[in-house]
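# Descriptive analysis of the structure
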Amino acid sequence: MRLLSRTRTVAIDTAREFGSVGVEAEDVGYAINGRNLVDGVSLTVRHGEIVAVLGPNGAGKSTLLGLLTGDLTPHHGLVRIADRPIADYSQRELALRRGVLPQAVTLSFPFTVDEVVRMGRAPHAGLAYEESEDEIVARCLAETDVSHLLERAYPSLSGGERARVSLARVLAQGAPVLFLDEPTAALDLKHTEDVLRLARARARKGDAVVIVLHDLNLAAAYADRIALMARGRLVACGAPAEVCTAPLLSELYGHPVDVMKRPGTDELLILPSR
Ligand code: ADP
Ligand code: MG
């Protein structure tokens, strides 16, 4: 669907065609002080799928995400969102096309939760949808289980509550390509599963979802594909069962890892050897 804003001549592409390219990196590289933080990475994430990016601390996951979202400009290679180079998008077009949950969201001004989530709707100013703005905000607050925090000041929230409110803001933005950097790092077991189920639901509706995780079991359970990074490079990328092998993971993390199946199922269980 292509809408044309009445207030401005911005073309708004809200397409979520299953299997079409959500975001694509072609041989991207990024260096600081001569050190390659991301080196020759090519990755395509399509509408309808979740790709989880995993790897040891400092592997370059957040830097890669920065390149895919357009927050960083690659020193080498090209990133496309849908079929257009990311540099060709205006800020507003980009905000309508892709949503980003950074690893750490710092907001020192005491915005309320309601205000923070409404910020996600800013790119839609002047546009109208079937669902009203209030309905969208209420739905996203409920999906992330933060409706009860509506009037609270964001800086007064716990780490896990902040993470869920930030996710609500990104969901409210409603962009068809989603980038989530360690969205579950501060969350308890229930809220962790909730977030992955939300990501799954968005992918089923046609979003392309890129999610940085540390938990191999979560990635194996929810992601369609896992991209493993080490020292700035993509080491492997494929279906969880292809990528999650004991030799590969043991080598990647520098610690022996056991891979087994949950009894009676095909579900992978990945545990450090002890
Ligand atoms: P990950 O998210 O996989 O933990 P990052 O992408 O954040 O890793 O960082 C990759 C490497 O690049 C790390 O060693 C990190 O210390 C380094 N790095 C990241 N940003 C900068 C920066 N602005 N200046 C120097 N080094 C950086
Ligand atoms: Mg990181």
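The sections below set out a description of the structure shown in this document. These figures come from a predicted structure and were not determined experimentally.

### Overview of the site of ligand 1
Looking at ligand 1, the residues that line it are Ile32, Arg35, Leu37, Pro56, Asn57, Gly58, Ala59, Gly60, Lys61, Ser62 and Thr63. Here ligand 1 loses 58% of its free accessible area of 560 Å² to cover by the protein chains. Among the secondary structure elements, those contributing two or more residues to the shell around ligand 1 are β4 (35-46) and α1 (61-69). A total of three residues in the shell around ligand 1 trace back to one element, the largest contributor, which is α1. For the shell around ligand 1, the per-class residue count stands at four nonpolar, five polar and two charged.

### A look at the nonpolar core
Core analysis: the biggest nonpolar cluster contains 50 residues, and Leu54, Val117, Val165, Leu213, Ile226, Leu228 and Ile270 have the highest contact counts within it. Of the residues forming this core, the biggest block, seven residues, is contributed by helix α5 (residues 159-173). There are two domains that each give this core at least three residues, and those are domain 1 (21-243) and domain 2 (244-274). Apart from residues no more than four positions distant in its own chain, valine 165 is found in contact with Val113, Val116, Val117, Val146, Tyr154 and Leu157. Grouped together as the second largest cluster of nonpolar side chains are 30 residues, Leu65, Ala82, Val177 and Phe179 included.

### A short note on the state of the cysteines
In total, this model carries zero disulfides according to the counting rule given. The thiol of cysteine 237 is unpaired, and the distance to the nearest cysteine sulfur, on cysteine 244, comes to 11 Å.

### Details of the coordination of the magnesium ion (ligand 2)
With distances of 2.1 to 2.4 Å, the protein atoms coordinating the magnesium ion (ligand 2) are Ser62 (OG) and Gln103 (OE1). A residue pair is termed long-range when its members are at least 10 positions apart, and serine 62 in helix α1 and glutamine 103 in the loop between β8 (98-101) and α3 (113-119) qualify at 41 residues. Assessed through its relative accessible area of 33%, serine 62 is described here as partly exposed.

Rules and cut-offs
Residues numbered from 1 in each chain as written. Chains lettered and ligands numbered in written order. Predicted model: local features only at pLDDT ≥ 70, side-chain atom pairs only at ≥ 80, totals over all residues. Heavy atoms only, no water. Near = heavy atom within 4 Å. Areas by Shrake-Rupley, 256 points an atom, 1.4 Å probe, with all protein chains shown as cover. Helix = DSSP H or I, 4+ residues; strand = E, 2+ residues; numbered from the N terminus. Nonpolar A, V, L, I, M, F, W, Y, C, P; charged D, E, K, R; others polar. Core = buried A, V, L, I, M, F, W, Y, C linked by side-chain atoms within 4.5 Å. Buried < 20%, exposed > 50% of the residue type's maximum accessible area, 1.4 Å probe, protein only. Domains from an automatic or database assignment. Contact = heavy atoms within 4.5 Å. Disulfide = S-S within 2.5 Å. Donors = N, O, S within 2.8 Å, 3.2 Å for Na, K, Ca; no water.

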